[in-house]
Amino acid sequence: MSLFEMAKIPMEKASKLINLDPNAKAVIEQPERTVEVSIPVRMDDGTTKVFTGYRSLNSTILGPGKGGVRFHQNVCLDEVKTLGFWMTCKCAIAGLPYGGGKGGVIVDPRKVSTGELERITRGYIDRIAPLIGEKKDIPAPDMNTNAQIMAWMMDEFSKINCQYCPGFITGKAVSMGGSLGRTSATGRGVITAVCEILKKKGIAIKDATVAIQGFGNVGSWTAKCAKAAGLKIVAISDISGGLVDPNGFDPDKLEAYAKTNKGVIAGYPGAKAISGEAVLEQDVTVLIPAAMELQITGKNANNIKAKIVVEAANGPTDSDADVILEKKGIPVVPDVLANGGGVTVSYFEWVQNLYRYFWTEEEVVERQEKMMVKAFNKIYDAAEKYHTTMRVGAYIVALEALAEPIKMRGIIG
Ligand code: GLU
């Protein structure tokens, strides 16, 4: 089964529960447009290499497309389409005036120079420029892309359009028109979701332990916000493997250590080394996969000992694991809710860019929290009402938001 087919399983369940018009479902099920581009890039050694990129505009039912651009050696059309579909649902759930989209370039950024990375980035924007814009489709960071790459994208797009175009992209540095609180937003929102589910389950924060898979932007900010909330992080991993410490990790110290250790956490003093996979199987209150897709699968889901799973990555749990976790009575706060803090603050950035008027960090944090708690409760209540999982509950909320505009616009009769 493709990732895209798998991603549609909970939507299928949700559409049955709410008796969604099959015509509306057919419209929602496919991306509006997906393009593949070839990007010729002059490499440092004088040769020209042609890179492949994608942009999938999943939906513009609720607004312009919105979603990040991923740089990874395994990027493919199926993945980009799926991530775009998740963005549509994520934005609808969060109540943002956006559709969904996603882009990607097949490249391992560790294997190219900074100059080559810049030329790949600019070349990608040259190719997709006619399809993107602040009212069309708005890119952002995703795996292996950051504020520097957003800055090159903005510079390239502004040159092509002969005007300053900050609103066409989010996740920019504050000096480039970015928003305060954007870098930390996804991790902060994950911890909002953790605190809300603990409240529902009657577990005090001081009694909760967490395991985090991943120490990239999302994983490290999730860890920092967990610490600030009073949660104890007893296991953590990155590409170099896993670490456990029953006394709890200080993420700031871990980050400072990684900076001196080629960016990885392996060998952190005082902690016991375990495998990256073993981090998923720790006996903790909350397991937070914050790395990438398909980490909790039919193969290891039976070994999950956490009481709750909160998905910081996109698509970390496969459909077989979903069934197993449900049977085991382990609630999963789904990705489209739990990691929605990133795109929520991207929305704030876009609003600030359109107004040319900037907010304080307190305003950003407060508004994000309010929106996420509202979305959390909507989904929790939908799951209770229909006696289903929070993942299916999330798709119920998304489909309900999309169905009426599809009909009123006259896309279906
Ligand atoms: N890439 C992030 C995500 O998957 C953020 C997208 C955005 O801010 O547009 O949610």
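Residues numbered from 1 in each chain as written. Predicted model: local features only at pLDDT ≥ 70, side-chain atom pairs only at ≥ 80, totals over all residues. Heavy atoms only, no water.

J.: Talk me through the pairing of strand 11 (residues 286-289); I want residue IDs and the actual numbers.
T.: Of the two faces of strand 11, the one lined by Val286 and Ile288 and the one lined by Leu287 and Pro289 are each fully buried. Relative to strand 11, strand 7 (residues 209-213) runs parallel, the two being bridged by 4 bridges. Bridge pairing in strand 11 places alanine 211 opposite leucine 287. Across 2 bridges, the pairing between strand 11 and strand 12 (residues 308-310) is parallel. Its bridge partner lying in strand 12, valine 286 is registered against isoleucine 308. (Buried < 20%, exposed > 50% of the residue type's maximum accessible area, 1.4 Å probe, protein only. Helix = DSSP H or I, 4+ residues; strand = E, 2+ residues; numbered from the N terminus. Pairing = 2+ DSSP bridges.)

J.: Requested: an account of the sheet that holds strand 4 (residues 69-72), with residues and values cited.
T.: Spatially, 1-2-5-4 is the arrangement adopted by the 4 strands of the open sheet, whose pairing is mixed. At either margin of the open sheet sits one strand with a lone partner, and together these are strand 1 (33-42) and strand 4. Averaged over all adjacent pairs, the angle separating strand axes in this sheet is 20°, with direction ignored. (Axes fitted to C-alpha atoms, helices over the stretch in contact; angles between N-to-C directions.)

J.: Quick one: what's the story with unusual backbone geometry, residue by residue and with numbers?
T.: With a phi close to 50°, asparagine 19 is a non-glycine residue in the positive phi region. Following the sequence through the fold, asparagine 19 ends up in the loop between helix 2 (9-17) and helix 3 (22-29).

J.: Residue-level account of the site of the ligand, with values.
T.: What surrounds the ligand is a group of 14 residues, the closest being Lys66, Lys90, Pro141, Asp142 and Ser346. A distance of 2.8 Å is found between an oxygen atom of the ligand and a side-chain nitrogen or oxygen belonging to lysine 66. Between the ligand and lysine 102, the relevant distance is 3.0 Å, taken from an oxygen atom to a side-chain nitrogen or oxygen of the residue. Protein burial of the ligand: of its 300 Å² of free accessible surface, 94% is covered by the chains. For the shell around the ligand, the elements supplying multiple residues, two or more each, are helix 4 (77-94) and helix 13 (341-355). Considering each element in turn, the shell around the ligand owes the most residues, 3 residues, to helix 13. (Near = heavy atom within 4 Å. Polar contact = N/O pair within 3.5 Å; in protein donor to acceptor, adjacent residues only side chain to side chain. Areas by Shrake-Rupley, 256 points an atom, 1.4 Å probe, with all protein chains shown as cover.)

J.: Could you give an account of the pattern of salt bridges, naming the residues involved and the relevant values?
T.: If you walk through the whole model with that rule in mind, you get 26 salt bridges. Two residues, glutamate 255 and lysine 224, come together in a salt bridge whose shortest N-O distance is 3.1 Å. Pair noted here: glutamate 255 is in helix 9 (residues 251-259) and lysine 224 is in helix 8 (residues 217-229), with a separation of 31 residues, a long-range link. Glutamate 255 gets classed as partly exposed once you look at its relative accessible area, which sits at 22%. Judged by its relative accessible area of 15%, lysine 224 falls in the buried class. Measuring nitrogen to oxygen at the nearest pair gives 3.7 Å for the salt bridge that ties lysine 370 to glutamate 366. Of this pair, lysine 370 and glutamate 366 both sit in helix 14 (residues 361-385), separated by 4 residues, roughly a single helical turn. Neither lysine 370 nor glutamate 366 differs from the other in exposure class; each is exposed. Overlapping salt bridges bring together Arg70, Glu79, Lys102, Asp142 and Glu293 as one network. (Salt bridge = Lys/Arg side-chain N within 4 Å of Asp/Glu carboxyl O.)

J.: Account for the sheet that holds strand 12, with residues named and values stated.
T.: Reading across from one edge, 10-9-8-7-11-12-13 is the order of the 7 strands in this open sheet, with mixed pairing throughout. With partners counted over all chains shown, the strands left at the sheet margins are strand 10 (272-274) and strand 13 (332-333), one partner each. Contacting strand 11, strand 12 and strand 13, helix 7 (residues 185-200) crosses the sheet at an angle of about 155° to strand 12. (Contact = heavy atoms within 4.5 Å.)

J.: I'd like a description of the pairing of strand 7, backed by residues and values.
T.: Along strand 7, 4 of the 5 residues are buried, which leaves the element largely enclosed by surrounding structure. Judged from the 5 bridges that link them, strand 7 and strand 8 (residues 232-238) form a sheet pairing that is parallel. Paired with alanine 211 across the two strands is alanine 235, which belongs to strand 8. In the classification by handedness, the crossover that spans strand 7, the intervening helix 8 and the parallel strand 8 is right-handed. (Right-handed = clockwise from strand over helix to strand, strands pointing away.)

J.: Pulling in residues and values, what's your account of the packing of aromatic side chains?
T.: Under the definition given, this model contains 11 aromatic pairs. Judged by centre distance (5.8 Å) and plane angle (90°), the ring pair of tyrosine 98 and tyrosine 347 falls under edge-to-face. With tyrosine 98 in the loop between helix 4 and strand 5 (100-106) and tyrosine 347 in helix 13, this residue pair connects regions lying 249 residues apart in the sequence. Each of the two residues, tyrosine 98 as well as tyrosine 347, counts as buried. When the ring centre of tryptophan 221 is taken as origin, the NZ or CZ atom of lysine 224, which lies over that ring, is 4.0 Å away. Here arginine 367 stacks its cationic end above the ring of tryptophan 359, 4.1 Å away from the centre of that ring. (Phe/Tyr/Trp six-rings, centres within 6.5 Å; stacked < 30°, edge-to-face > 60°. Lys NZ or Arg CZ within 6 Å of the ring centre and 35° of its normal.)

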